[in-house]
Structure formats: structure tokens, C-alpha cells
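Structural characterization, general
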Amino acid sequence: MWIRKAPYEVKSPLPEIIRHDQLPTGCEQLAYLQDNTCSTHWYFVKNNGYLSILDVADRQRDDGSYYYRCGHDDFPLEFLAWFPAALIEFQKPPAEGGLRAGAMTTPDIEVGGEMLCIQRALGVDQDRGGYIVENNSRCVKGYNPDSFFKPHNVCWASRFLYEGSLLKLIIDLGEKYKNGQL
């Protein structure tokens, strides 16, 4: 059996959000945006002082059956202020101080006491590409960080970030965070 231990101390899990429309105590919806590249709905939730990003699928299948999924990945609230600038740095060419040519991931960066990185995602949005943000300080529910660590992560298509207004939404939330309004 292959063992991948957590690279850092694993944070305690946040309260689990099972439904986007029935948030547990200590949770508050900050924003919502429908993905323009697929049928996913994204919710940003303040979860007991942290950020839970929900990816929700809520639809009727072709056969008439109902499908609902509410996945959530957790990050520090500081993610909102960090991500826009980190994405710009990630995209810089080597001649401007960016990562080496061909680099697909940043080193882990401490953000709000958690270790995050940005990675290039190639196989999303019909191979148009996108970005992944990985939290290497939190383990996905159902995995044991001592034997098989699976980090929390979100993956967004570039078109959703730029044309679908996701980056603008995160920038706006980041400003509210910096101003103490969250």
C-alpha cells in the first residue's frame, strides 16, 4: 500500500456542510456564483472563522432522477486577499521574476496559518485550462492523513475566473476581508 503522509500539521476539520441551503450554526454565506463553463454552482461560506468553498450540483437527470452534490473545501479567510495577487505572480514569465519556464505549481505559501499553493490545470474546460488552489494543511474527509493524505483543493477554469467574474468576486470579497467587513 502506498502511503502519502501529510507534509504539514493537519488542521482539525471544520463543521461539515452537507447542503448549501441548510448551513450549520456558525456558517454564513458570503457569495454565490454560477460557473459559466459547466453546471456547477459555487458558494463562498464563512465557516466558524474560516472559508468553505462549496461546489454544488443540483439538477434533474435525463432519466428524471434527482442529483445533488455539495462538496466543500476549506481555506483560511485570508485566501480571499491572497489569491488574486498570488495568481498574478504565478502567471509572470521567468524574465519578470516568475517561476521557471514550464513550472506547473508554486511552492507552498503560508496563508493564515495554512500552506497553500497554486497549480496550473490543463484538462479542464475542454482542455482550455485553469487553475487549482491546494490547501496542504487540510485533509479531505474520509482520508487518513497518516496513511493517505488528500488535500483540500478547488479547480476553476480560466474562462470562469476571467469571463465568468469569479476573480472579480474574490477580489471584492478580499477587499471586504482586508477592511474587516467579513
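Anything mentioned here points back to the structure above.
About the criteria used
Residues numbered from 1 in each chain as written. Predicted model: local features only at pLDDT ≥ 70, side-chain atom pairs only at ≥ 80, totals over all residues. Heavy atoms only, no water. Core = buried A, V, L, I, M, F, W, Y, C linked by side-chain atoms within 4.5 Å. Buried < 20%, exposed > 50% of the residue type's maximum accessible area, 1.4 Å probe, protein only. Contact = heavy atoms within 4.5 Å. Pairing = 2+ DSSP bridges. Helix = DSSP H or I, 4+ residues; strand = E, 2+ residues; numbered from the N terminus. Axes fitted to C-alpha atoms, helices over the stretch in contact; angles between N-to-C directions. Disulfide = S-S within 2.5 Å. Salt bridge = Lys/Arg side-chain N within 4 Å of Asp/Glu carboxyl O.

With 31 residues, the main nonpolar core has Phe 44, Phe 79, Phe 83 and Trp 156 as its most contacted residues. Other than its neighbours up to four places away in sequence, Phe 79 contacts Leu 51, Ile 53, Val 111, Leu 116, Val 133 and Trp 156. Counting residues in each nonpolar core, the second largest holds 8 residues, with Ile 17, Tyr 43, Val 45 and Val 56 among its members.

With respect to topology, 4 strands assemble into an open sheet ordered β1-β2-β3-β4, the strand pairing being antiparallel. The sheet terminates laterally at β1 (27–34) and β4 (66–76), the two strands that pair on one side only. Within the sheet, the average angular offset between the axes of one strand and its neighbour, ignoring direction, is 20°. Alignment of β1 against strand β2 (residues 41–47), held across 7 bridges, turns out to be antiparallel. What sits directly across from Glu 28, in β2, is Lys 46. Helix-sheet contacts for helix α1 (residues 79–91) involve β2, β3 (50–60) and β4, and the interaxial angle to β3 is about 80°. Packed on one face of the sheet, helix α3 (residues 166–178) meets β1 and β2 and runs near 155° to β1.

A complete count under the given rule lists 0 disulfides for this structure. Unpaired in this structure, Cys 27 has its nearest cysteine sulfur neighbour in Cys 70, at a distance of 10 Å. With a relative accessible area of 16%, Cys 27 lands in the buried category.

This part takes up the pattern of salt bridges. Going through the model one piece at a time under the given rule, you end up with 9 salt bridges. The partner of Lys 92 in a salt bridge is Glu 89, and the shortest N-O contact between them spans 2.8 Å. Put simply, Asp 125, Arg 128 and Arg 159 are held in one network by salt bridges that share partners.

In this section: the environment of Ile 53. Position of Ile 53 relative to the elements: it lies in strand β3. You can call Ile 53 buried: its relative accessible area is 0%. Distance from Ile 53 to Glu 110, taken between C-alpha atoms, is 19 Å for residues 57 residues apart in sequence. Discounting residues that sit within four places of it in the chain, Ile 53 has contacts with Trp 42, Tyr 43, Phe 44, Gly 71, His 72, Asp 73, Phe 75, Phe 79, Val 154 and Trp 156.

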